[in-house]
Amino acid sequence: KMTFRKQLPRLIMDTLVVIIAVLGTIFCITTAFDLPVNPFIIVSVTAFASILFTVCFLWKKALWLLLPLGAIIILLSIFTSLFAAVGPSLQQLLHDILSRFSSAYPNFSFAIPAEPTGYVSGDYTLLFSILSTLLSVWMAWGVGYRSCLISIAGTLPFLLLCVIINDTPPHVFPLIMLLSAWLTVLLAKERPDEPASMDAMRLCLTLMSVLLVLTIVGTVYPKDDTHNQELPELIQDI
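Description of the structure in this document. (Residues numbered from 1 in each chain as written. Predicted model: local features only at pLDDT ≥ 70, side-chain atom pairs only at ≥ 80, totals over all residues. Heavy atoms only, no water.)

1. Things to note about unusual backbone geometry
- One non-glycine residue, Asp34, adopts positive backbone phi at about 55°.
- Residue placement: Asp34 occurs in the loop between helix 1 (4-32) and helix 2 (39-58).
- The exposed category is assigned to Asp34, whose relative accessible area is 59%.
- In the Ramachandran plot, Arg146 falls in the positive-phi region, its phi being about 50° despite a non-glycine side chain.
- Counting through the fold element by element, Arg146 comes out in the loop between helix 5 (125-144) and helix 6 (148-165). (Helix = DSSP H or I, 4+ residues; strand = E, 2+ residues; numbered from the N terminus. Buried < 20%, exposed > 50% of the residue type's maximum accessible area, 1.4 Å probe, protein only.)

Pasting the structure below:
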């Protein structure tokens with residue numbers, strides 16, 4: 001039976017990978033669309049949610065914590081005005097994203113929602129804090145089971161949103177964070193008969209190696225002139 005002390009190294013490393021994946025996803029969106037957010041609040045919420053949900057998936061009996069947490073969030077949304085800004089912020093975000101998409105594909109202009117009327121704070125921090133909490137649940141599940149498919153399924157749609165719809169790509173740092181989380185979960189397969197400390201050490205070494213390689217690639221890759229006349233125009237655009 002795994003005690004807390006024996007599982008602590010794995011808890012730390014799993015939580016770190018979850019935080020990297022979630023923050024990489026969130027900041028890919030906010031940097032690609034130049035959204036005004038408070039990074040400190042988002043990082044704090046992500047760290048708390050990642051620790052909580054990683055604990056839940058390491059000790060399955062702790063999954064019951066999700067039920068009261070969900071009930072508290074629902075009560076807060078009903079009986080307080082804390083979430084009052086989420087609706088207009090989400091509507092504004094959808095309006096901006098689909099407006100950019102319809103500029104390239106005019107046939108989809110009918111799908112653009114109306115821009116919210118009245119005062120819109122323009123603060124997306126709360127919206128992305130909620131998104132980071134939801135992503136933390138999904139990523140804690142994927143990292144806990146060392147499933148690259150689960151991890152990618154929860155985060156890839158947001159990356160595609162940035163790459164396909166937006167002309168400006170996300171900043172390289174959050175992109176490296178997201179890719180490193182994917183590769184770490186892919187390469188660091190869990191071995192059931194192995195002690196948790198060895199599993200955590202392998203996960204740590206894999207994460208460090210992946211981060212180093214991706215950082216080197218992102219640094220040395222030529223950014224100024226990648227135009228090749230021999231390639232078809234469509235491939236050059238991609």
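More follows now that the structure is in view.
2. Topic: the packing of aromatic side chains
- The final tally for this structure, using the stated rule, is one aromatic pair.
- Ring centres 5.2 Å apart and planes at 80° place the aromatic pair Trp138 and Trp141 in the edge-to-face group. Of this pair, Trp138 and Trp141 both sit in helix 5, three residues apart, which is roughly one turn of that helix.
- Using a relative accessible area of 34% as the deciding quantity, one classes Trp138 as partly exposed.
- A relative accessible area of 33% means that Trp141 is categorised as partly exposed. (Phe/Tyr/Trp six-rings, centres within 6.5 Å; stacked < 30°, edge-to-face > 60°.)

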